[in-house]
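Given next are the chains, with one letter for each unit.
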Amino acid sequence: MLRVDVLTLFPEMIVQAVGHSMLKRAQEKGLLTVQVHNLRDYTLDRHKVADDVPYGGGAGMVMKAEPILRAVDALRGQARTDGDEIRLLFPSPQGRPFTQDQARTLAAERRRIVILCGHYEGVDERVREALQPEEVSVGDYVLTGGELPALILIDAATRLVPGVLGDPESVVEESFSDSLLEYPHYTRPAEVRGMTVPEVLLSGHHEAIRLWRRKQALRRTYVWRPDLIRDRSLSSEDQRLLNEIISEGVSSTPVRCGEEG
Ligand code: 9D3
């Protein structure tokens, strides 16, 4: 059971997104709980002001510290009453890059996960000082706030919670094909606008299909993400398939081949 609290100035962004598809089903199955809290509800003035101009001047607004500290205090109090601990995450461009390994760790988390979403130019630095949250980045590009990153963390973790996926085979397959790109998928009909399905997939030869898919995954990775292959050792089968791919002539930068794995 994954329990997530999201603190945000834009609660509808979170509520909307978690109300669909797999995240919706995970909640219906009791495998995920998402509670969204509006930081404006933790302001103290009658205009509910949650941001202000930066000291020292400059562009944009800075989120005020006190509403955030009050919201986290409230959640800590609630967690303590329930005998729970919390883990505070702060999506931020300065954070540690979010990876599949971290998604796995989150999915197995026994503490309540609290995600603090910043917006605008940033949050008052005293929030970091007081709360020392774990800062996580979702990539090297600039977003408008932490809400979409929060949803990325929730989405990536939830699908790894046992019982969430209807078909746990895909998670097994995913850890097996660890850090290779996917092979191509096809579904009916067998012909679409003159484009056909590779013969082998219609053959019923399971071993031939397995090898074809593995080779396709290796080919795509070799061409599109050679970095994923370069620092990784390959099994003798993968090595053989990759040699076939290269001798068939694929344009890409050369890779250093690893030892047998
Ligand atoms: C002017 C300097 N900007 C830093 C690059 C300020 C700034 C821009 C955007 C501060 C915060 C944001 C909002 N972004 C996030 O909250 C965020 C984010 C991102 O922008 N990219 C990748 N991962 C993340 S996690 C949170």
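Residues numbered from 1 in each chain as written. Predicted model: local features only at pLDDT ≥ 70, side-chain atom pairs only at ≥ 80, totals over all residues. Heavy atoms only, no water.

A. Summary view of the packing of aromatic side chains. Taken as a whole and assessed by the stated rule, the structure comprises 1 aromatic pair. Taking the centre distance of 6.5 Å and the plane angle of 65° together, the rings of F10 and Y120 count as edge-to-face. Here the residue F10 occupies a position in the loop between β1 (2–8) and α1 (11–18), and Y120 occupies one in the loop between β6 (112–116) and β7 (122–123), the gap between them amounting to 110 residues. (Phe/Tyr/Trp six-rings, centres within 6.5 Å; stacked < 30°, edge-to-face > 60°. Helix = DSSP H or I, 4+ residues; strand = E, 2+ residues; numbered from the N terminus.)

B. The site of the ligand, seen in detail. Taken together, the neighbourhood of the ligand is formed by 16 residues, with S92, V138, G139, Y141 and L143 sitting nearest. Between the ligand and V138 there is a distance of 3.0 Å, counted from a nitrogen atom to a backbone nitrogen or oxygen. Measuring from a nitrogen atom of the ligand, one finds a backbone N or O atom of Y141 at 2.7 Å. In isolation the ligand exposes 580 Å². Once the protein is present, 76% of that is buried. According to the grid-proximity analysis, the pocket containing the ligand is the second largest pocket. Elements that contribute at least two residues to the shell around the ligand include exactly β5 (86–97) and β8 (134–137). Broken down by element, the shell around the ligand gets its largest block of residues, 3 residues, from β5. (Near = heavy atom within 4 Å. Polar contact = N/O pair within 3.5 Å; in protein donor to acceptor, adjacent residues only side chain to side chain. Areas by Shrake-Rupley, 256 points an atom, 1.4 Å probe, with all protein chains shown as cover. 1 Å grid on protein atoms, 1.4 Å probe; cavity = no way out; pocket = protein on both sides within 12 Å on 5 of 7 lines; lining within 4 Å. Sits in = over half its atoms within 2 Å of the grid points.)

C. Representation of empty space enclosed by the protein. Under the definition given, this model contains 2 cavities of 30 Å³ or more. The volume enclosed by the largest cavity comes to roughly 40 Å³. Considering the residues around the largest cavity, the lining is formed by R87, L89, F98, Q102, L106, E134, V136 and L153. Those elements that provide at least two residues to the lining of the largest cavity are β5, α4 (100–107) and β8. (Points joined across faces, edges and corners; volume = space filled by probe spheres on them.)

D. Structural view of a negative patch on the surface. Taken together, the side chains of D167, E169, E173 and E182 make up a negatively charged region of the molecular surface. Its place among the elements puts D167 in the loop between α6 (147–158) and α7 (169–176). (Patch = residues over 30% accessible without salt bridge, like charges linked within 9 Å, V, L, I, M, F, W, Y side chains within 5 Å. Salt bridge = Lys/Arg side-chain N within 4 Å of Asp/Glu carboxyl O. Lys, Arg positive; Asp, Glu negative; His and termini not counted. Charge placed at Lys NZ, Arg CZ, Asp CG, Glu CD.)

E. Representation of the pattern of salt bridges within the structure. Scanning the entire structure with this criterion turns up 19 salt bridges. A salt bridge links E109 to R87, with the nearest nitrogen and oxygen atoms 2.8 Å apart. In this pair, E109 sits in the loop between α4 and β6 while R87 sits in strand β5, placing the two residues 22 residues apart along the sequence. According to the relative accessible area criterion, R87 is buried, its value standing at 10%. Here the residues in one salt-bridge network are R3, D5, D82, D84 and R112, joined through shared partners. (Buried < 20%, exposed > 50% of the residue type's maximum accessible area, 1.4 Å probe, protein only.)

F. Spatial organisation of the domain arrangement of the chain. For the chain, the domain assignment lists domain 1 (2–158) and domain 2 (175–261). Measuring from the centre of the C-alpha atoms in domain 1 to the corresponding centre in domain 2 gives 39 Å. (Domains from an automatic or database assignment.)

G. The arrangement of the packing of α4 against α6 in detail. Relative to each other, α4 and α6 sit at 75°, their axes nearing to 8 Å. One way to sum up the angle between α4 and α6 is to call them roughly perpendicular. Between α4, through A103, L106 and A107, and α6, the contact on the second element is made entirely by L153, A156 and A157. Among the residues making up the contact of α4 with α6, the classes are represented as 6 nonpolar, no polar and no charged. (Axes fitted to C-alpha atoms, helices over the stretch in contact; angles between N-to-C directions. Parallel < 35°, antiparallel > 145°, perpendicular 65-115°, else oblique. Contact = heavy atoms within 4.5 Å. Nonpolar A, V, L, I, M, F, W, Y, C, P; charged D, E, K, R; others polar.)

H. The arrangement of the pairing of β5 in detail. In this structure, β5 lies alongside β6, joined through 4 bridges in parallel fashion. Bridged to I86 within β6 is R112. Of the strand pairs in this sheet, β5 and β8 are connected by 5 bridges, and their pairing is parallel. Note that in β8 the partner of R96 across the bridge is V136. (Pairing = 2+ DSSP bridges.)

I. Summary view of the sheet that holds β5. Taken in spatial order, the 5 strands of this open sheet run β2-β1-β6-β5-β8, and their pairing is parallel. Of all the strands in the sheet, just β2 (32–38) and β8 have a single pairing partner and so form its edges. The sheet shows a mean angle of 30° between the axes of neighbouring strands, taken without regard to direction. Across the sheet, α4 lies against β1, β5, β6 and β8, angled at about 170° from β5, the strand it touches most.

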